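# A structural walkthrough
As a plain string of letters, each chain reads:
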Amino acid sequence: MFHSPFPDVEVPDLSVYDYLFANLTDDEASRVALIDPSTGAETSYGVLKAQIDAFAGALAARGVAADTVVGLLCPNVPAFATVFHGVLRLGAAVTTFNSLYTAAEIQKQIEDAGATWFVTVSALLPNAAEATRACGIPTDHVIVLDGAEGHPNLRDLLGEQPTPPEVTIDPKTHLAVLPYSSGTTGTPKGVMLSHRNLVANVEQSRVNIDLRGSDRVLAVLPFFHIYGMTVLLNLALRQRASLVTMPRFDLEDFLSNIQEHRCTYLFIAPPIAVALAKHPVVDRYDISTVHSVFSGAAPLDGETAERAASRIHARMMQGYGLTETSPVTHAVPYTRDEIPVSSVGVALPNTVCKLVDPDSGAEITEFDDAGVTRPGELWIKGPQVMLGYLNRPDATAEAIDADGFFHTGDVATLSEGGWYTIVDRVKELIKYHGYQVPPAELEALLLSHPRVADVAVIGVLDDDGQEIPKAFVVSAGDAELTEDEVMEFVEERVAPYKKVRRVEFVDAIPKSSSGKILRKDLRAREVAT
Ligand code: AYL
């Protein structure tokens, strides 16, 4: 077992709302919490807190209770924070959806999560309406923040001004959010994160990540994904920093927002690091206010990171974690210059790790002459580990062992200096631009195509070293099936980031005697060709 190099921090026994907002000082209340670059509108911490209270009160008056699950399909706009924290303040839980989801994807998650209320924006209402209708959620339970005929809207709800009810939340057991993750295998499952999970992860991250109240943070990572949720909506707000919200990524908007709002701290995923390292347009903007860039959610190669860092004269650091760990378990501490940027850093306080040989199951404890361990599957124990998967005791028992260690499915090495490097993955998961693409979901979809006899989907690397989904397809009979047909079939049915981007026709899919796809064999043959 390897402990964090940091002493444990005490995790306050508070709900997320009490932790973040209960003790707001007058000085803090006057600071800017959120900036909407499309209008220039600023929301102070004091106003944000009042809006959260009002929103919670309005929902409670309409019957939303501590066991309600509220679906939230919304891009990064300041109102996201009001809704998210308003729901949590009531003791109700939020399940977040990717803004790019199709109606069918939304419907599936609403049903699985048992959401009975829904919050969205008018731009996303077509898909949301189709999904909520199919799930039997009435229109008066579908809030459209900026307004739509027949739906409650934010302005009216905030105007009602009822006092939010007193609720008792036991942070340890009370469900706060239900993001979805496929884990090591299969299709997406609801990840049950408690108030304590979220509070703990902010307290822990604060030790490694030196985000301050004076920072202006570009909130381009989506709040609906656990990375944006914890690091932006919770950590940055806890530190009383200012968030500049961007509803979608566009490189020029990204750069011009940094320039205009003098952003100092960026949280990104690796594709943005590639752009910062290579794209000519970066030179056309003054982004010299940026002092720190923090990347996570997918592997970042060291060379790209160093190029980006020296080009924009900022520190580049990596963090690592998973939806199931709220998400941060590792981060490069701002105090440790000697840690290479290809490393994901040291374990956060209160975080215990094991490295386990995936074949033998033996724990790895020794360092070689160069001061590095052999690669092993990373297991994690700490207050940020989820309660479990919703309604899936089987999957929960597979993911969290009897000693409380969560098995990540990622393979890492540890250096004597205490830092970890992610070197491989032993799970099915593909990451495209930091988003999860579960192969099982695409395989099931492709098998529903009448001319697909068998299929396997794995991640392969594109020219920039970024992972993309590739399908190996066995076509049925002698019918002509083209690569384009396969790609279009998927594209029409899933969010764009889940698209199959390469296709190869094969005679057979390699399988074990029990019928499991031998993904390793497919990967090996990719490397060989
Ligand atoms: P999920 N390097 C390599 N792989 C990574 C990294 C990284 N720095 N970060 C995440 N992953 C992969 O649930 C890894 O395979 O959560 C892991 O199992 O969408 C999977 O992504 C989890 O995907 C931060 C900043 C965590 C971001 C995150 C990302 C959470 C993504 C901590 O400080």
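Position numbers for residues start from 1 in each chain and track the written sequence from start to end. A pLDDT threshold of at least 70 governs which residues receive local features in this predicted model, and a stricter bar of 80 or more applies before side-chain atom pairs are shown or counted, although totals over entire chains, interfaces and linings include all residues. Side-chain metrics in this entry use all non-hydrogen atoms of the structure; hydrogen atoms and water are not considered.

## Digging into the pairing of strand S4 (residues 69-73)
The classification of residues rests on relative accessible area computed with a 1.4 Å probe and restricted to protein chains. Under 20% of the type maximum is buried, over 50% is exposed, and intermediate values are partly exposed. A run of H or I in DSSP becomes a helix once it reaches four residues, and a run of E becomes a strand once it reaches two; helices and strands are each numbered from the N terminus. For S4, a buried count of 5 out of 5 residues is recorded, marking the element as mostly surrounded by other parts of the structure. For two strands to be treated as a pair, DSSP must find at least two bridges joining them. Note: S4 against strand S5 (residues 93-96), 4 bridges, orientation parallel. Bridge pairing in S5 links Val70 to Val94. In this view, the connection linking S4 to its parallel neighbour S5 by way of helix H4 (residues 78-89) has right-handed handedness. Crossover handedness is defined by viewing with both strands directed away from the observer: a clockwise path from the first strand over the helix to the second marks the crossover as right-handed.

## Some remarks on the sheet that holds strand S25 (residues 452-461)
Strands in a sheet are paired, the pairing made by backbone hydrogen bonds, and the direction either parallel or antiparallel. Spatially, the 3 strands line up as an open sheet ordered S25-S26-S27, and their pairing is mixed. Each end of this open sheet is capped by a strand with a single partner; those strands are S25 and strand S27 (502-505). Within the sheet, the average angular offset between the axes of one strand and its neighbour, ignoring direction, is 25°. Looking at chain direction, strand S26 (residues 467-475) and S27 are connected through 4 bridges and run parallel. In the strand pairing of S27, Lys470 is matched with Arg502. Two residues form a contact once any of their heavy atoms are found within 4.5 Å. Angles run from 0 to 180 degrees between N-to-C directions of axes, and those axes are lines fitted to C-alpha atoms, restricted for helices to the stretch in contact. Set on the sheet, helix H14 (residues 439-447) makes contact with S25 and S26; between it and S25 the angle comes to about 150°. Strand contacts of helix H15 (residues 483-491): S26 and S27, with the helix running at about 130° to S27, the strand carrying the most contacts.

## Digging into empty space enclosed by the protein
Cavities and pockets were defined on a 1 Å grid built over protein atoms only: a cavity is a set of grid points that admits a 1.4 Å probe from which the probe cannot escape, a pocket is an open set flanked by protein on both sides within 12 Å along at least five of seven lines, and lining residues are those with an atom within 4 Å of any such point. Grid points are joined across faces, edges and corners, and a volume is the space filled by probe spheres set on the points. One pass over the structure, following the stated rule, counts 1 cavity of 30 Å³ or more. The computed volume of the largest cavity comes to approximately 260 Å³. As for the largest cavity, its lining consists of 19 residues, of which Tyr101, Tyr180, His225, Gln436 and Tyr497 are closest to the centre. Taken together, the residues of the lining of the largest cavity break down into 10 nonpolar, 8 polar and 1 charged. Any residue that is not Ala, Val, Leu, Ile, Met, Phe, Trp, Tyr, Cys, Pro, Asp, Glu, Lys or Arg is counted as polar, Gly included; the first ten are nonpolar and the last four charged.

## Quick word on H4
One less than the number of residues in a helix, times 1.5 Å, gives the span that helix is expected to have. The end-to-end C-alpha distance of H4 is 17 Å, a good match for the 16 Å that 12 residues give at a rise of 1.5 Å each. The buried count for H4 comes to 12 of 12 residues, which makes it a mostly enclosed element. Here H4 has its buried residues at Pro78, Ala79, Phe80, Ala81, Thr82, Val83, Phe84, His85, Gly86, Val87, Leu88 and Arg89. Phi turns positive, to about 90°, at Gly91, one or two residues after H4.

## A look at helix H3 (residues 45-61)
A rise of 1.5 Å per residue sets the reference length of H3, with its 17 residues, at 24 Å; its end C-alpha atoms lie 24 Å apart and thus fit the reference within 8%. Within H3 the residues assigned to the buried category are Tyr45, Leu48, Lys49, Ile52, Asp53, Ala54, Phe55, Ala56, Gly57, Ala58 and Leu59. Two residues or fewer after H3 comes Gly63, characterised by a positive phi angle close to 100°.

## Thoughts on the sheet that holds strand S11 (residues 216-219)
Strand order in this open sheet of 9 strands is S3-S2-S12-S11-S13-S14-S15-S16-S17, and the pairing throughout is mixed. In the strand order of this sheet, the two ends are held by strand S3 (41-44) and strand S17 (346-347), each with one partner. One ladder, built from 4 bridges, connects strand S14 (residues 292-295) with strand S15 (residues 315-321); its direction is parallel. Each residue of the ladder has a partner; that of Ser292, found in S15, is Arg315. Along the sheet, helix H9 (residues 226-238) contacts strand S2 (32-36), S11, strand S12 (242-245), strand S13 (265-268), S14 and strand S16 (328-331); its crossing angle with S13, the most-contacted strand, is approximately 160°.

## Quick notes on the pattern of salt bridges
Whenever Lys or Arg places a side-chain nitrogen within 4 Å of a carboxyl oxygen from Asp or Glu, that contact is recorded as a salt bridge. A full pass over the atoms with the stated rule returns 26 salt bridges. Between Arg425 and Asp410 there is a salt bridge; the shortest N-O distance is 3.9 Å. Placement of Arg425 in strand S22 (residues 420-425) and of Asp410 in strand S21 (residues 406-414) is noted, with a sequence separation of 15 residues between them. Look at Arg425 and you get buried, because its relative accessible area is 15%. On the accessibility criterion, Asp410 (7% relative accessible area) is buried. Arg425 is the salt-bridge partner of Glu467, the closest N and O atoms lying 3.1 Å from each other. Linking Glu467 in strand S26 with Arg425 in strand S22, this pair joins segments that are 42 residues apart in sequence. For Glu467, a relative accessible area of 15% corresponds to the buried category.

## Things to note about the site of the ligand
By convention in these notes, a residue is near a molecule or strand provided one of its non-hydrogen atoms lies within 4 Å of it. Neighbouring the ligand are 22 residues; Gly319, Thr323, Asp410, Lys427 and Lys431 lie closest to it. Note on areas: these come from Shrake-Rupley sampling with a 1.4 Å probe, and a residue is covered only by the protein chains present in the view. Calculation on the ligand without its partners gives an accessible area of 660 Å², and the protein chains cover 99% of this total. When contributions to the shell around the ligand are tallied by element, the ones reaching two or more residues are S15 and S22. Top element by residues in the shell around the ligand is S15. It accounts for 4 residues.

## Looking at the nonpolar core
By size, the foremost hydrophobic cluster in this structure holds 149 residues, and its most contacted members are Phe55, Phe84, Leu145, Val177, Leu243, Phe267 and Leu446. If you tally residues by element for this core, the top one is H9, at 9 residues. Excluding anything up to four places from it in sequence, Phe55 contacts Thr82, Val83, Gly86, Val87, Ile143, Leu154, Leu157 and Leu158. As used in this record, nonpolar core signifies buried Ala, Val, Leu, Ile, Met, Phe, Trp, Tyr and Cys residues forming a set joined through side-chain atoms within 4.5 Å. Counting 31 residues, the second largest nonpolar core, distinct from the first, contains Met246, Leu251, Ile268 and Ala314.

## Looking at the packing of helix H8 (residues 195-208) against H9
For the pair H8 and H9, interaxial distance at closest approach is 10 Å and the crossing angle is 65°. Classed by the angle they form, the pair H8 and H9 counts as roughly perpendicular. Considering the relative orientation of H8 and H9, their crossing is right-handed. Residues Leu198, Asn201, Val202, Glu203, Ser205 and Arg206 of H8 form the contact with H9, whose own contacting residues are Thr230, Asn234, Leu235 and Arg238. Across the contact of H8 with H9, the residue classes tally to 3 nonpolar, 4 polar and 3 charged. Convention used here: angles under 35 degrees read as roughly parallel, angles over 145 as roughly antiparallel, angles from 65 to 115 as roughly perpendicular, and any remaining angle as oblique. Left-handed describes a crossing in which the near helix is turned anticlockwise from the far one by less than a right angle; the clockwise case is right-handed.

Bear in mind that shape data such as this cannot, by itself, settle questions of function.
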